[in-house]
Every structure is written in C-alpha cells, then in structure tokens.
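Okay, here's what each chain looks like letter by letter:
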Amino acid sequence: MTSAPPADQPTKHPWPALWSLVIGFFMILVDSTIVSIATPALMTGLDAGITAVVWVTSAYLLAYAVPLLITGRLGDRYGPKRVYLVGLTVFTLSSVACGLSPSIEMLIVARAVQGLGASMMTPQTMAVITRIFPPDRRGTAMGIWGAVAGIASLVGPVLGGILIDTLGWEWIFFINLPVGVVAFIAVVRNVPSLEKHPHRFDWLGVALNVIGMFLIVFGIQEGQTYDWGPIVGPISVWSLILSGVVILGFFAFFQSRSPEPLVPPGLFADRNFTAANAGIFVMGFLITAMVFPMTLFAQSSRGLSPTQAALLSLPLAVITGALAPLVGKRINKSDPKGYAIAGFALMAVSIGLYAWLTRPGISILWVLIPSGLLGVANALIWGPLSVTATRNLPPHRAGAGAGVYNTTRQMGAVLGSAAIAALMEARITAELGAGTAGGGMGHAGMVMPPALEAPFTAAMSQSLLMPGVIALLGVVATLFFVPTRRTPSKPNPTPGKVDA
C-alpha cells in the first residue's frame, strides 16, 4: 500500500485520487435525480401530492446549491480532502435518515441536510482535479468528471426504478450507506493533502444568498398552489419572488464591496469562465426540468413500472459514459467551443423530440431515440464546459472557482425543479380541470384512468417545451467562448508544488 503524498507535493499518479473522489461525486449526483422516478411511489406511500414530492428534490437542491459559495472556500482554507470527508459523512448519515422518514415533511428536512453534505463535497472534487492535473492532462480528467456527472444525473432514475420495484422507495436512500463507506476509505487512502490558503468568510453574503434564493424558489414552486395570489395577509406569491430578486441584488452589491467576497469579481473577468457558468446553469436547469414530465408520462400515462420507466434513459447513460472520455481527450488537442455548441443544439432537438413523442398510444420504444441523442449531447457538453471554466483559474482561486461553477449549476437545477413543478401544475389544471394538480391526482394511484390519459399526456408534452427552449440559451452562452489553442506542454523543472 502506498501512502498519500505529503502536503504541497503533487501526486505522481493522480488517477487513483480522481477515481476515489468521483465515487462520492457519483453518489450525490445520483441523488439529485433519483427521487424523480420515485414520484408516484412517494405520492402513494407518504400520501403526498405533486408539489410536496417536488419539494423533496427542491429542498435537496436548494440546500446543495446555496452553501457551495462558502464550501469551496472551506476547502481552500482547511484542505479539500478534510472538507470532502466531513461532507461525505453528513451526506451518508442523512441518507439513512431519509430512508427512515415516516412522513413527507420529515423526508424534506432530511433531504435538506443531505444537500448540505453534498455541497461540502462537490467543489472539492473539481478543485483537486484543477490542482493535481497539469493543464495539458486536465481535459482528459475533466472528461471523466463530465462523464460521471452526465451518467449519474441520468442513471439515477434507472437505479431508483430497480430499487423501488424490488425493495421499496426507502432503499434509494439506504443504498448510499455502503457506497459512502467505500468512498470514505478510498479518499483517505488515495487523495493527497494539498496546500491551504487562508480565507475570511462573508457570512452576510451567505445569509442574503440563502434568503433570496429560498423566496424565489418557494414563490415559483408554490405559485400555482396559491393561484399566484395572496398567501398570508398582504404577502403574495409575487411579492415573495420580487423580494427574493431584491435581496439577491443586495447580495451582488455587497459582494462588490466585500474585502473577501464569496464570488471574487476577478473570476468573471475571464470571459470563458463567465460563459461556461451560463452554460452550466442551463445544463443544471435541463437535468431537473425534463425528468419529471417524462417520468409521470411513462408511469402515470403509459402504466410502466419504475424500472421500466427508468430503462428508457439507458441509451442516454450508456452513450454519455462511452463518449464523454473520448471528448475529454479530444479537447486536450482542440478547442472545446465547437463541441459545447453542438451539444446544446442537439440537446434542444432531443427534448423537442421528447415533447413530440409524448402522446397517447405511441409505442414507448420511440422514446429511446431522443434518449440516445441526449447521450451524445451530454458527452459534448460536460467536459468542454468544465475545461473552459477552469482553464485559466490560478491555484489559489481553485476552490472559489469550483464553488461558483457548481453553485451556478445547482442554482439552475433548483430553478428548473421549481419552474417545471409550477408549469406542470398549470398545464394539468388547464387540461384536466381545477383540483387535479395539487393533490387529488396524486392520491388516485399511479396510472391515469383512460378518460384522463389524453389530457394528462398533453399537459406533460406541453411542459417539456420549456426545457427545450431553455437548451437554446446554452447555445447562445457557448457562442461567447473565446477560442483556445493547446500549447505544447513543457517539462516542469521544479516538480515541487502543485499550487505554485
């Protein structure tokens, strides 16, 4: 057994460290989407409606997203390995609490704690890659990172379906216990200790960001519940959303004047970092927004079991896993811009095809075609975006840059979850009538009565149009990438510090 290299020394063999980190990274990304396939089972098992079940995902994503701005800095200050292990412990224990939850409310709380653990892990993964791989090998490493992200975010429903059908919904959370133990041992053995950088923390910024994002997400997701009107007294849905926007404006204002801002302005001086963040925001939005309508269509409209519904995404997962490392190798030698543009364009086409195929009576096998196209699109997006974002990051900004980048992705996921919940409720109400979206439909069982299949399917098809349009914004974002050329790598005459 070989020991980890000492602090400030690069590892000669960084790949074991990468694979050790992505075990936990895979697990937390699976949990970002695994609940989507359990939506009907949670409705029945915990006596909950669509909006409440979507909060199980939104609470996780919100608690995951907001702390990322500071957990990246924690890695810089205390060491990414140490912060990652603490987050992994919190995540694993809260996963057990999720499986033991007796009510939807308890599950939502446990998922929020789980999201907090995930927020401590994710930026450390990206920061370690940036610090232990030289620029000429980073594309391959980020390609693998991107493959894991793409596969995990969309394999979650497959794994969830199998577990729900065989053991029950609780096991989509219990499965994290053995995986978490394996990941902990692997990180302790294989991930090096890296140089620490002192940072102060902007707690006012954290508070403003938490409050602002919560108000916006709550307003969007619960708007249909309150008919987009008053909630309590003079407080309305729109006043909550507007207040959230104003508070985030204060957050941006104070950040520009903070001596140690959560979002260093210098990061966004790099146009590639800015454009890559816009692209990853779109990607986060799409991953959550397109899953719920397809899941409900497959299970509630077509009567598929969770496993059968989840297997519809198998071509996506297989193709993403096969192509993403190849794309990672290619972007070591060529400009990633073209790959990302093509990926988002294909993503828009694929989701549009999903929407067109979401109709009563159609053979469910047709859905495998856009699933495969999405696999190609994913492979063309994840690696090129992450390489472009991190290419120019100095070592002392690795944690902050990774935190901002992953925060942006998770903010997109949070808003995608809230937006699709609101849109689905609105379209279900429009197609089936008042009272069907919030709870009554959810308690009726997993399969739609024949008379309701056509209008319910139409509502799901219409809901899918939104993520299809949002994918085009990803094309726009990647058009702003500054073309980069690979420069021949030179041997390092002093192979001492990774962080020099």
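This is a predicted model, so every value here is computed, not measured.

Asks: For the overall build of the protein, give the residues involved together with the corresponding values.
Replies: Helix and strand content of the protein: 20 helices and two strands. Residues counted as buried form 60% of the 500 residues belonging to the protein. At a minimum sequence separation of 6, the contacts of the protein that also span at least 24 residues come to 87%. In the form shown here, the protein has an accessible surface area of approximately 18600 Å², with 71% of it arising from carbon and sulfur atoms.

Asks: Now, about the nonpolar core: what can you tell me, with residues and values included?
Replies: By size, the foremost hydrophobic cluster in this structure holds 140 residues, and its most contacted members are L107 and M347. Counting residues per element, this core draws most heavily on helix α18 (residues 398-432), at 14 residues. In this view, M347 contacts M283, L286, L374, A377, N378, I381 and A471; residues no more than four positions away in its chain are not counted.

Asks: Provide a residue-level description of the pattern of salt bridges, including the pertinent values.
Replies: Inspection of the entire model under this criterion finds two salt bridges. With a shortest N-O distance of 4.0 Å, R302 and E453 are connected by a salt bridge. Taken as a pair, R302 in the loop between α13 (291-301) and α14 (306-310) and E453 in helix α20 (residues 450-478) lie far apart in primary sequence, 151 residues in all. Across the pair R427 and E431 runs a salt bridge, and its minimum N-O distance is 3.9 Å. One end of the pair, R427, and the other, E431, are both in helix α18, four residues apart, so they sit about a helical turn from each other. Here R427 falls in the partly exposed class, since its relative accessible area comes to 27%.

Asks: Pulling in residues and values, what's your account of the environment of V113?
Replies: Note that V113 resides in helix α6 (residues 104-132). Judged by its relative accessible area of 39%, V113 falls in the partly exposed class. On a C-alpha basis, the gap between V113 and L93 in space is 9.4 Å, while along the polypeptide they are 20 residues apart. Contacts of V113, omitting those with residues within four sequence positions, involve V90 and S94.

Asks: Summarise helix α9 (residues 176-190); cite the residues concerned and give the values.
Replies: Structural remark: α-helix, 3.6 residues per turn; residues separated by three or four positions point the same way. For α9, built from 15 residues, the straight-helix expectation of 21 Å at 1.5 Å per residue is met to within 8% by its first-to-last C-alpha distance of 20 Å. By the burial criterion, the buried members of α9 are N176, G180, A183, A186 and V187. Down the axis of α9, the sector holding all buried residues measures 130°, keeping them to one side.

Asks: Any chance you could break down the environment of L368 for me, citing the residues and the numbers?
Replies: Along the polypeptide, L368 turns up in helix α17 (residues 368-390). Once the C-alpha coordinates of L368 and S313 are considered, the two residues, 55 residues apart in sequence, prove to be 7.3 Å apart. Once residues within four sequence positions are removed from consideration, L368 is found in contact with L311, L312 and P315.

Asks: I'd like to hear about the side chain of T408, residue by residue, with values.
Replies: Its place among the elements puts T408 in helix α18. Within the structure, T408 has its side chain in polar contact with the backbone oxygen of V404 (distance 2.8 Å). For T408, the residues in contact, after removing those within four places along its chain, are N277, I280 and F281.

Asks: Quick one: what's the story with the packing of aromatic side chains, residue by residue and with numbers?
Replies: Describing an aromatic ring pair means giving the distance of the ring centres and the angle of the ring planes. Summed over all chains, the structure comprises seven aromatic pairs. Ring centres of Y60 and Y64 lie 5.7 Å apart, and the angle between their planes is 70°; this geometry places the pair in the edge-to-face category. With Y60 and Y64 both in helix α3 (residues 50-65) and four residues apart, the pair spans about one turn of that helix. No difference in accessibility class separates Y60 from Y64, as the two residues are buried.

Asks: Explain the packing of α3 against α6 to me, and be specific about the residues and the numbers.
Replies: To characterise two packed helices, one gives the angle between the axes of the helices and the distance between these axes. Close contact between α3 and α6 brings their axes to 6 Å; oriented N to C, the two are set at 25°. As the angle between them shows, α3 and α6 are arranged roughly parallel. Pair α3 / α6 crosses with right-handed handedness. When α3 is examined against α6, the residues A52, V53, W55, V56, T57, A59, Y60, A63 and Y64 are found in contact with a partner set consisting of I104, L107, I108, R111, A112, Q114, G115, L116, A118, S119 and T122. Partitioning the contact of α3 with α6 into residue classes produces 14 nonpolar, five polar and one charged.

Asks: Explain a nonpolar patch on the surface to me, and be specific about the residues and the numbers.
Replies: Judged by side-chain polarity, L204, L242, V246, F250, F253 and F254 come together as a nonpolar surface patch covering roughly 570 Å² of accessible area. Ranked by residue count, the leading element in the nonpolar patch is helix α11 (residues 237-255), at five residues. Along the chain, L204 falls in helix α10 (residues 203-222). For L204, a relative accessible area of 47% translates into the label partly exposed.

Asks: Which residues make up the confidence of the model for the protein, and what values go with them?
Replies: A residue-level look at the protein finds 85% of positions with pLDDT of 70 or above and a mean pLDDT of 80. The secondary structure element of the protein with the lowest average pLDDT is helix α19 (residues 436-443), at 46, and the one with the highest is helix α16 (residues 337-357), at 94. Scored below 50 in pLDDT, residues 438-445 shows 15 contacts in the model against residues more than four places distant or in partner chains. Predicted confidence for residues 487-500 stays below pLDDT 50, and this span has 20 contacts to residues more than four positions away or in other chains.

Asks: Break down the environment of A152 for me, with residues and values.
Replies: For A152, the position within the fold is in helix α7 (residues 135-166). With relative accessibility at 0%, the residue A152 sits in the buried group. Note: C-alpha distance between A152 and F25 (127 residues apart in sequence) is 8.6 Å.

About the cut-offs
Residues numbered from 1 in each chain as written. Predicted model: local features only at pLDDT ≥ 70, side-chain atom pairs only at ≥ 80, totals over all residues. Heavy atoms only, no water. Helix = DSSP H or I, 4+ residues; strand = E, 2+ residues; numbered from the N terminus. Buried < 20%, exposed > 50% of the residue type's maximum accessible area, 1.4 Å probe, protein only. Contact = heavy atoms within 4.5 Å. Areas by Shrake-Rupley, 256 points an atom, 1.4 Å probe, with all protein chains shown as cover. Core = buried A, V, L, I, M, F, W, Y, C linked by side-chain atoms within 4.5 Å. Salt bridge = Lys/Arg side-chain N within 4 Å of Asp/Glu carboxyl O. Expected span 1.5 Å × (residues − 1). Arc of directions from axis to C-beta. Polar contact = N/O pair within 3.5 Å; in protein donor to acceptor, adjacent residues only side chain to side chain. Phe/Tyr/Trp six-rings, centres within 6.5 Å; stacked < 30°, edge-to-face > 60°. Axes fitted to C-alpha atoms, helices over the stretch in contact; angles between N-to-C directions. Parallel < 35°, antiparallel > 145°, perpendicular 65-115°, else oblique. Left-handed = near helix turned anticlockwise from the far one by under 90°. Nonpolar A, V, L, I, M, F, W, Y, C, P; charged D, E, K, R; others polar. Patch = residues over 30% accessible without salt bridge, like charges linked within 9 Å, V, L, I, M, F, W, Y side chains within 5 Å. pLDDT = per-residue confidence, 0-100.

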